[in-house]
Amino acid sequence: MTTSTTSTKDTADTSTPPGVGTAGGRFQMPSGTRLQEYALLGVIVLLLVIGAILKPDTFPTADNFRAILTQASVVGVLAIGMTFVIATAGIDLSVGSVVAAAGVAGGLMVDDAGTWGFILGALGFGLLLGTVNATAIAYGKVVPFVATLAMLAIARGLALQMSDKSPISLLGQDGVRWFGTGEILGQPVSIWIFAAVVALGWVVLNRTRYGRHVVAVGGNREAARIAGVPVRRTVLSVYVLAGGCAGLAAILLSGRLASASPVSGELLELDAIGATVIGGTSLAGGRATIVGTLMGVVVFGLIFNLLTQLNLATEWQQIVKGVIILSAVLIQRPERI
């Protein structure tokens with residue numbers, strides 16, 4: 001009788017992927033992540049107060065906030081994809097270069113196929129490069145850092161080669177430019193797209209079996225495999241997703257700049273990783289938060305908008321960015337890193 005009870009208990013324990021908290025079948029946020037989100041909310045409020053004091057005429061205005069969110073939308077879209085990658089204990093250093101390559105790929109198609117050609121070219125090329133990353137990591141068993149570092153160089157080289165090292169002008173392409181300068185209900189299109197990506201990312205991570213699998217793979221890959229999680233397919237999918245987000249970010253960035261430049265997107269991978277990490281997603285995997293990533297993106301946007309208004313040199317802004325990322329990593333519990 002005792003033996004039968006023990007066997008039943010063991011079966012129940014493996015029915016939920018390890019490393020995933022659930023409540024009524026739903027993803028349950030770790031308490032530490034909640035605390036980090038509350039802390040970030042406090043930081044946002046503090047930055048708003050500081051900005052209002054230091055730049056009362058220019059910082060606390062609706063136009064400035066729209067500008068902050070518009071500029072942050074590109075990094076924000078990348079950061080949502082990065083959240084899924086880092087949740088599996090991975091990393092993607094190539095997204096900035098993929099943005100450039102995807103934009104150029106779309107730009108090469110725009111003259112013959114118009115706006116839809118640009119969209120399909122950018123998204124398709126982003127997904128293609130993401131798939132190359134995914135295949136190397138999931139099936140070639142290449143370390144994510146090495147695979148995506150190689151793709152960083154490959155994608156940048158492709159962007160330069162395909163464009164003949166020159167930007168592709170989109171000045172006459174009003175449909176493409178609409179993604180960067182158009183409005184819906186009085187708000188920039190890029191903000192609406194970013195909001196849609198955040199909402200979709202939250203639902204997928206917190207309300208689907210796939211989201212639980214992503215977190216389980218990062219928490220304990222071997223235990224997740226034993227529990228029946230398709231580990232290899234899950235790992236492959238997050239890098240494809242990151243590539244797709246890079247393609248979408250390329251559309252937003254190219255529309256705003258009215259060009260597809262082979263040198264665009266430099267260091268965007270650091271911004272995306274930084275926003276994800278300070279938002280509370282663990283670099284060790286197994287813990288992820290879309291809401292935290294959103295707030296991380298907003299924090300970065302507020303800080304650098306304020307620093308720009310204070311005329312702080314670009315090099316000092318880069319130093320501040322590095323300090324923020326380092327501090328966020330140090331705050332995470334040592335056993336999670």
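The notes below deal with the structure included here.

### So, the packing of aromatic side chains
(1) Moving on: A complete count under the given rule lists 4 aromatic pairs for this structure.
(2) Moving on: Taking 6.0 Å as the distance between ring centres and 90° as the angle between the ring planes, the aromatic pair formed by Phe59 and Phe65 counts as edge-to-face.
(3) Moving on: Residue class for Phe65 comes out partly exposed when judged on its relative accessible area of 31%.
(4) Moving on: Ring geometry for Phe300 and Phe304: centres 5.7 Å apart, planes at 10°, overall stacked. Of this pair, Phe300 and Phe304 both sit in helix H12 (residues 290–309), 4 residues apart, which is roughly one turn of that helix. Like Phe304, Phe300 is buried.

### Brief notes about the side chain of Thr88
(1) Moving on: Among the secondary structure elements, Thr88 is positioned in the loop between helix H3 (62–87) and helix H4 (95–138).
(2) Moving on: Not counting residues up to four positions away in its chain, the partners in contact with Thr88 are Val214, Val217, Gly218, Arg221 and Val238.

### What to know about the pattern of salt bridges
Side chains that differ in sign of charge can pair as their charged atoms come close.
(1) Moving on: In this structure the tally under the stated criterion is 3 salt bridges.
(2) Moving on: One salt bridge connects Asp63 with Arg66, and the closest N-O pair in it is separated by 2.2 Å. Taken together, the residues span about one helical turn, with Asp63 and Arg66 both in helix H3 at a distance of 3 residues.
(3) Moving on: For Asp63, a relative accessible area of 54% translates into the label exposed.

### What to know about the layout of surface pockets
(1) Moving on: The calculated volume of the largest pocket comes to roughly 640 Å³.
(2) Moving on: Around the largest pocket, the lining is made up of 25 residues, and of these Gln71, Val75, Leu268, Asp271 and Lys321 lie nearest the centre.
(3) Moving on: Secondary-structure elements contributing two or more residues to the lining of the largest pocket are H3, helix H10 (231–257), helix H11 (268–278), H12 and helix H13 (314–331).
(4) Moving on: Partitioned by chemical class, the residues of the lining of the largest pocket number 12 nonpolar, 9 polar and 4 charged.

### What about the environment of Val77?
(1) Moving on: Relative to the elements of secondary structure, Val77 occurs in helix H3.
(2) Moving on: In sequence terms Val77 and Leu252 are 175 residues apart; their C-alpha atoms lie 9.5 Å from each other.
(3) Moving on: Once residues lying within four places of it in the same chain are set aside, the contact partners of Val77 are Phe194, Val197, Cys245, Leu248, Ala249 and Leu252.

### Looking at helix H6 (residues 174–181)
Residues three or four positions apart in an α-helix share a direction because the helix packs 3.6 residues into each turn.
(1) Moving on: Every buried residue of H6 is accounted for by Val176, Phe179 and Gly180. All buried residues of H6 project into a common sector of 95° when viewed along the axis, lining one side.
(2) Moving on: The secondary structure elements touched by the buried residues of H6 are H4, helix H7 (189–207) and H10.

### Some details on the packing of H3 against H12
Working note: a packed helix pair is described by the angle between its axes plus the distance between those axes.
(1) Moving on: For the pair H3 and H12, the least separation of the axes is 8 Å and the interaxial angle reads 140°. Classified by the angle between their axes, H3 and H12 sit oblique to one another. As for how H3 packs across H12, the hand of that crossing is right-handed. Judged by residue contacts, Asn64, Ile68, Ala72, Gly76, Ala79, Ile80, Thr83 and Phe84 of H3 engage Ile290, Thr293, Val297, Gly301, Leu302, Asn305 and Gln309 from H12.
(2) Moving on: Of the residues belonging to the contact of H3 with H12, the class tally is 8 nonpolar, 7 polar and no charged.

### Describing the nonpolar core
Taken as a class, soluble globular proteins show a tendency for nonpolar side chains to be buried jointly.
(1) Moving on: Counting residues in hydrophobic clusters, the biggest one holds 91 residues, and the most contacted among them are Val77 and Leu78.
(2) Moving on: Tallying contributions element by element places H4 first for this core, with 17 residues.

### Brief notes about unusual backbone geometry
(1) Moving on: Despite not being glycine, Ala89 shows a phi value in the positive range, around 70°.
(2) Moving on: Phi is positive for Ala258, which is not a glycine, with a value near 60°.
(3) Moving on: Within the element layout of this structure, Ala258 appears in the loop between H10 and strand E6 (259–260).
(4) Moving on: Residue Ala258 is classed as buried on the basis of its relative accessible area, which comes to 9%.

### Structural notes on helix H5 (residues 144–162)
(1) Moving on: Across its 19 residues, H5 extends 26 Å between first and last C-alpha, which sits within 8% of the 27 Å expected from 1.5 Å per residue.
(2) Moving on: Asp164 lies just past H5 and shows a positive phi near 55°.

### Quick look at empty space enclosed by the protein
(1) Moving on: Within this structure, the stated rule accounts for 1 cavity of 30 Å³ or more.
(2) Moving on: The computed volume of the largest cavity comes to approximately 30 Å³.
(3) Moving on: Considering the residues around the largest cavity, the lining is formed by Asp92, Ser94, Val95, Val98, Leu129, Gly130, Asn133, Tyr239, Ala242, Gly243 and Ala246.
(4) Moving on: Where the lining of the largest cavity is concerned, the elements lending two or more residues are H4 and H10.
(5) Moving on: With 5 residues, H4 is the largest single contributor of residues to the lining of the largest cavity.
(6) Moving on: Broken down by class, the residue content of the lining of the largest cavity amounts to 6 nonpolar, 4 polar and 1 charged.

Here is what the cut-offs are and how they apply
- Residues numbered from 1 in each chain as written.
- Predicted model: local features only at pLDDT ≥ 70, side-chain atom pairs only at ≥ 80, totals over all residues.
- Heavy atoms only, no water.
- Phe/Tyr/Trp six-rings, centres within 6.5 Å; stacked < 30°, edge-to-face > 60°.
- Buried < 20%, exposed > 50% of the residue type's maximum accessible area, 1.4 Å probe, protein only.
- Helix = DSSP H or I, 4+ residues; strand = E, 2+ residues; numbered from the N terminus.
- Contact = heavy atoms within 4.5 Å.
- Salt bridge = Lys/Arg side-chain N within 4 Å of Asp/Glu carboxyl O.
- 1 Å grid on protein atoms, 1.4 Å probe; cavity = no way out; pocket = protein on both sides within 12 Å on 5 of 7 lines; lining within 4 Å.
- Points joined across faces, edges and corners; volume = space filled by probe spheres on them.
- Nonpolar A, V, L, I, M, F, W, Y, C, P; charged D, E, K, R; others polar.
- Arc of directions from axis to C-beta.
- Axes fitted to C-alpha atoms, helices over the stretch in contact; angles between N-to-C directions.
- Parallel < 35°, antiparallel > 145°, perpendicular 65-115°, else oblique.
- Left-handed = near helix turned anticlockwise from the far one by under 90°.
- Core = buried A, V, L, I, M, F, W, Y, C linked by side-chain atoms within 4.5 Å.
- Expected span 1.5 Å × (residues − 1).

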